[in-house]
Each structure stands twice: as structure tokens, then as C-alpha cells.
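Topology and contacts: notes
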Amino acid sequence: MDSPSPIDRRQFLKLGTLAATAAALGPAYSNAEAAPVYTLAPLPYGFDALEPHMDARTMEIHHGKHHAAYIKSLNTALASSPELAQMPLEKLLASLPAVQDEALRNTLRNHGGGHWNHDFFWNTLTPAVKSAKPSPDLAAALNSAFGSMEAFQKSFAEAAAKRFGSGWAWLIIKDGKLKITSTPNQDNPSMVGLVPEADLGTALLGLDVWEHAYYLHYQNRRPDYVTAWWNIVNWSMVSDRFAAAK
Ligand SMILES: [Fe+2]
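The text that follows walks through the structure, step by step, so that each part is easy to find. (Residues numbered from 1 in each chain as written. Predicted model: local features only at pLDDT ≥ 70, side-chain atom pairs only at ≥ 80, totals over all residues.)

1. A short note on the pairing of strand E1 (residues 167–174)
What counts, and what does not: Put plainly, a residue is buried at 20 or more neighbouring C-beta atoms within 10 Å of its own, exposed at 12 or fewer, and partly exposed in between, counting only other residues' C-beta atoms, which are placed from the backbone. The helix count covers DSSP runs of H or I at least four residues long, the strand count covers runs of E at least two residues long, and both are numbered beginning at the N terminus. Being paired, for any two strands, means DSSP has found at least two bridges between them.
Counting buried positions along E1 yields seven of eight residues, so the element is predominantly enclosed. In the sheet, E1 pairs with strand E2 (residues 177–184) via eight bridges, with the strands oriented antiparallel. Residue pairing across strands places Ala169 opposite Ser182, the latter belonging to E2. The turn joining E1 and E2, which pair antiparallel and follow one another in sequence, is formed by two residues; a positive phi near 55° is taken by Asp175. As paired elements, E1 and strand E3 (residues 202–208) share six bridges and run antiparallel to each other.

Right under this line is the structure:
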């Protein structure tokens, strides 16, 4: 198994969002028996960098406890499945329907998905820049698909609000068309064979609506969390993902 080499931004985009993320998350060690397959990457900004929209304590717990726990459980599960431990994360998630052991499949789905989703999430955020906007191409596509930026944000917020319990809201692109979806638990739009066909596509934007993402600061006010979240969306990253995927 090859160890991953650092990939620069251009390579990341060239590879495509899912594939590149999988590469970045790929096995970090050549000996799965002696070392964890996956490790927690540091945030690309400080814990307090997203204040006041996302508070430092939430970020610290979300990243250092919740995301770390997904990785720990994923590594534990992979310790008994060396053939799966050899796969890049994207391939592993795409291979889950073929995993016969239901308990193992569910563990990998929840914790492998949790790892991928959170890595994607951290890289979808950036310290508040009010002037940040989607690229002209993405803005035009959002207007075409949803009528206006405001209408898109309203529909996305509704999807986030209506996701019962824990899960994610997504902006995806499939066959060149933008669409809003949501998934339960730690499922994501790349999980072929596990999530409904309508929710499959290339993720451009994802919002964590688990209570652990907002409860310390927003308590039960998920809509307020969603409203504030727009202030820290990394539209440059989302636009680059769109350009790579379309
Ligand atoms: Fe989370």
C-alpha cells in the first residue's frame, strides 16, 4: 500500500471532489496492524476562527472528540479487515454493499461516513468573509436551478430543518444538475447502494445538522445555526468543487 503524498490545491481539484478527498484521507501507514489507518487532520483554521457563528468550544469538541471518535472506531473496525484497510476511503465506502458482515458494514458506514463527512465539512468552512460569493458560473447555475441565491438558501435551510434527528443537508451535482438533498446519520451522497438514488451525486456543500454541531451555542435552535452558517461557507472551495465536477 502506498503512503499518500501531500496534494496541492490544483491536484485536489483536478482529481475531483470525492476522489481527492479520498486520496487525502487515504491510508497513512503501510502497516495497518501496527498503526491506525486513518488519523485526524488538524483544522485548517483555529478553533475560534469561526466565531461568533460557530463557537470555539463547539469546534474543539466537534473536531477533537466527535470526529476523532469516528476515526478511532473506523480504525478499530478495519483492524480485523486488512483487505478493506488497504482501500482509499472513497473506494471503501463504495464497496460497503458487498461487505457481508452486517455489523461490520454498519460500523464502516457510520464511522467511515463520519470521517469523510467531517473532513469535507471542515474544508467547506472558512473564517467569516462577508464578501465571499459563489463564482459567476456557480451563481448562474444556482439561479438556473433554484430561481435565485435567496431561493436556494431557503430551500437548503428547509432541507436542513426537516432532516429528522441527526444527519446532513447537501448541495450535490449529478448529470450536470444541481440538487438539494439530505441524508440521515453519517450517510452521504457518494454511498451508492446505501442511500436512495435521488440522494446520490457529487457533494459540493454539506451541512452537519447533528446536535453536536450546534447545541452548545444554539441549543434547540437549529434554524438559527443554519442562518449563521451561511456566514462561514467557503464559497471559493464550493465553486472550485463545482468547476471540477460539472
Ligand atoms: Fe458532526
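Read on for the rest.
2. Focus on the sheet that holds E1
This is how the line gets drawn: The angle between two axes is taken between their N-to-C directions and runs from 0 to 180 degrees, where each axis is a line fitted to C-alpha atoms and a helix contributes only its stretch in contact. We call two residues in contact when their backbone-placed C-beta atoms lie within 7 Å.
With antiparallel pairing, three strands are arranged side by side in an open sheet as E2-E1-E3. In this open sheet, the two strands that pair with only one neighbour each are E2 and E3. On average, each strand axis in the sheet is inclined to that of its neighbour by 20°, with strand direction left out of account. Lying on the sheet, helix H11 (residues 235–245) is in contact with E1 and E3; it crosses E3 at an angle near 150°.

3. Topic: helix H10 (residues 222–229)
Operational definition: Directions pointing from the helix axis toward each C-beta atom define the arc.
Here H10 has its buried residues at Tyr225, Val226 and Trp229. Seen from one end, H10 has its buried residues packed into an arc of 100°, which puts them on one side. Among the structural elements, helix H8 (149–162), E3 and helix H9 (215–218) are those in contact with the buried residues of H10.

4. Concerning the packing of H8 against H10
This is how it is decided: Two helices crossing with the near one rotated counterclockwise from the far one by less than a right angle form a left-handed crossing, whereas a clockwise rotation gives a right-handed crossing. Charged residues are taken to be Asp, Glu, Lys and Arg, nonpolar residues to be Ala, Val, Leu, Ile, Met, Phe, Trp, Tyr, Cys and Pro, and polar residues to be all remaining types, Gly included.
Where H8 meets H10, the closest approach of the two axes is 10 Å, and the angle between their N-to-C directions is 145°. Like other packed secondary-structure pairs, H8 and H10 cross with a definite hand, here right-handed. Across the interface between the two elements, Ala157, Ala160 and Ala161 of H8 pack against Arg222, Pro223 and Val226 of H10. In the contact of H8 with H10, the residues fall into five nonpolar, no polar and one charged.

Geometric descriptors of this kind do not, in isolation, establish any biological role.
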